[in-house]
Amino acid sequence: MLSERRLEVLRAIVQDYVGTEEPVGSKALTERHALGVSPATVRNDMAVLEEEGYIAQPHTSAGRIPTDKGYRLFVDKLAGVKPLSSPERRAIQNFMAGAVDLDDVVGRTVRLLAQLTRQVAVVQYPSLTRSTVRHVELLSLAPARLMLVLITDTGRVEQRMVDCPAPFGEASLADLRARLNSRVVGRRFADVPQLVQDLPESFETEDRGTVSTVLATLLETLVEETEERLMIGGTANLTRFGHDFPVMIRPVLEALEEQVVLLKLLGEAKDSAMTVRIGHENAHEGLNSTSVVAVGYGSGDEAVAKLGVVGPTRMDYPGTMGAVRAVARYVGQILAES
């Protein structure tokens, strides 16, 4: 266990290195921070921190920089989440309030996160499997052709064409629409198959084929993997951190192009707690020099998707965690009100 003083020295090293981009020396630390001890004592503390793997000497310079292990201890023990200022909060509210639909909400969230943190922002669309049904609309396009529109509580809209085995009249369509909605509105997607399985039997024999076809289309829509959609923005921000990536920025950019990698980075949507993955904690090799800060968002207590940022390990963790958490909260409020 590190003593309180050594933890303070580590905190000072992380803060100075993040702020100045320069390796930190003992003399500078004692000048900038009220550590209450001599440079010689700080040097001794730094030697212990280095021996234990929390800081390292990047080259022959006299200064030290935090390692992944040092950043991890800083995030777990030393860094509070920095709240946003009132003007920042108002700006977020005003910017997000203008969103007209789910795509716009996700697009604005990405732009906002990238601007606030000056990192790469990643936002996952709300997952269908964790959503509830707000409404099912059925529209007649031709005597034997319908459009099915599924609207979720998170504002997602899925449309499907249905080719019916026989013509289906307006009265029958209205009847099916009413009965279907009475069973599924407000219910979780996972519960819908059971709720509608006996619906065809309640219709006249000649209509059952069409009712079954509509239900089959609805159930296909519920299980389709369209849920794993992402939006990414602010990639150009990485170019500002060229020297933070040991070899080149290219492996990072290539990793960010792979949707599967990004989904793994964000983690399971149902786990709504804030996660911070630092450097080599990221399984993908191209992202070993980056940190990922992610959190779940949703319209109620349960998260329906994740959002977060990717940037260099030399990151303002308290500020980034505060921005990510605040934006997630506002997105959740918008989904709840939509």
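Relevant structure appears above.
Procedures and definitions
- Residues numbered from 1 in each chain as written.
- Predicted model: local features only at pLDDT ≥ 70, side-chain atom pairs only at ≥ 80, totals over all residues.
- Heavy atoms only, no water.
- Helix = DSSP H or I, 4+ residues; strand = E, 2+ residues; numbered from the N terminus.
- Rg over C-alpha atoms; globule rule 2.2 N^0.38 Å.
- Buried < 20%, exposed > 50% of the residue type's maximum accessible area, 1.4 Å probe, protein only.
- Contact = heavy atoms within 4.5 Å.
- Areas by Shrake-Rupley, 256 points an atom, 1.4 Å probe, with all protein chains shown as cover.
- Lys, Arg positive; Asp, Glu negative; His and termini not counted.
- Charge placed at Lys NZ, Arg CZ, Asp CG, Glu CD.
- Axes fitted to C-alpha atoms, helices over the stretch in contact; angles between N-to-C directions.
- Parallel < 35°, antiparallel > 145°, perpendicular 65-115°, else oblique.
- Left-handed = near helix turned anticlockwise from the far one by under 90°.
- Pairing = 2+ DSSP bridges.
- Salt bridge = Lys/Arg side-chain N within 4 Å of Asp/Glu carboxyl O.
- Core = buried A, V, L, I, M, F, W, Y, C linked by side-chain atoms within 4.5 Å.
- Patch = residues over 30% accessible without salt bridge, like charges linked within 9 Å, V, L, I, M, F, W, Y side chains within 5 Å.

(A) Geometry of the overall build of the chain. Regarding its fold elements, the chain presents 12 helices and 10 strands. Its C-alpha atoms give the chain a radius of gyration of 26 Å, clearly above 20 Å, the size a compact globule of 338 residues would have. Looking at the chain as a whole, 49% of its 338 residues qualify as buried. Intrachain contacts of the chain at a sequence separation of at least 6 include 61% that bridge at least 24 residues. Of the accessible surface of the chain, which amounts to about 16000 Å², a share of 51% is contributed by carbon and sulfur atoms. Computed over 37 positive and 45 negative side-chain charges, the inter-centroid distance for the chain is 7 Å.

(B) Structural detail: the packing of helix α5 (residues 86–97) against helix α6 (residues 102–117). Viewed as axis vectors pointing N to C, α5 and α6 meet at an angle of 155 degrees, and their least axial separation amounts to 10 Å. In terms of orientation, α5 and α6 fall into the roughly antiparallel class. Between α5 and α6 the crossing geometry is right-handed. Facing Ile92, Phe95 and Met96 of α5, the residues of α6 in contact are Val105, Arg108, Thr109, Arg111, Leu112 and Leu116.

(C) Seen up close, the pairing of strand β10 (residues 305–312). Most of β10 sits out of view: 8 of its 8 residues are buried. Across 4 bridges, strand β3 (residues 120–124) lies against β10 in antiparallel orientation. The partner of Ala121 across the bridge, within β10, is Val309. The pairing of strand β9 (residues 290–297) with β10 spans 8 bridges and is antiparallel. Note that in β10 the partner of Val293 across the bridge is Val309.

(D) Spatial organisation of the sheet that holds strand β5 (residues 145–152). Here 3 strands make up an open sheet; going across it, the order is β4-β5-β6 and the pairing antiparallel. Each edge of the open sheet carries a strand with a single partner, namely β4 (133–142) and β6 (157–163). In this sheet, adjacent strand axes meet at a mean angle of 20 degrees when their direction is disregarded. Note: β5 against β6, 7 bridges, orientation antiparallel. The residue bridging Arg145 from the neighbouring strand is Asp163, located in β6.

(E) Expanded view of the environment of Thr217. Within the fold, Thr217 resides in helix α9 (residues 205–223). Each C-alpha atom of the pair Thr217 and Arg156 lies 17 Å from the other, and the pair is 61 residues apart in sequence. Setting aside chain neighbours within four positions, we find Thr217 in contact with Arg160, Met161 and Val162.

(F) The arrangement of the environment of Asp101 in detail. Its place among the elements puts Asp101 in the loop between α5 and α6. Residue classification places Asp101 among the partly exposed residues on the basis of a relative accessible area of 41%. Between the alpha carbons of Asp101 and Leu262 there is a distance of 24 Å; along the sequence they are 161 residues apart.

(G) How the structure looks around the pattern of salt bridges. Across all of its chains, the model carries 16 salt bridges by this definition. We note a salt bridge from Asp163 to Arg145, for which the minimum N-O separation is 2.8 Å. Taken as a pair, Asp163 in strand β6 and Arg145 in strand β5 lie far apart in primary sequence, 18 residues in all. A relative accessible area of 52% places Asp163 in the exposed class. The salt bridge partner of Asp175 is Arg179, with a shortest N-O separation of 2.8 Å. With Asp175 and Arg179 both in helix α7 (residues 170–184), this residue pair falls 4 residues apart, about one helical turn. Take Asp175: its relative accessible area is 30%, and that puts it in the partly exposed class. When its relative accessible area of 25% is taken as the criterion, Arg179 is described as partly exposed. Linked through salt bridges whose partners overlap, the residues forming this network are Arg5, Arg6 and Asp45.

(H) Region of the structure containing the nonpolar core. In terms of nonpolar packing, the biggest core is built from 58 residues, with Leu29, Tyr297, Leu307 and Tyr317 touching the most fellow members. With 11 residues, the single largest contributor to this core is helix α12 (residues 317–337). Other than its neighbours up to four places away in sequence, Leu29 contacts Val9, Ala12, Ile13, Asp16, Val24, Leu35, Val42 and Met46. Leu138, Leu148, Leu173 and Leu215 belong to the second largest nonpolar core, which has 24 residues in total.

(I) Main features of a nonpolar patch on the surface. Among the surface-exposed residues, Leu139, Leu141 and Met161 lie close enough to one another that they form a single nonpolar patch of about 260 Å² accessible area. Mapped onto the elements, Met161 comes out in strand β6. On the accessibility criterion, Met161 (41% relative accessible area) is partly exposed.

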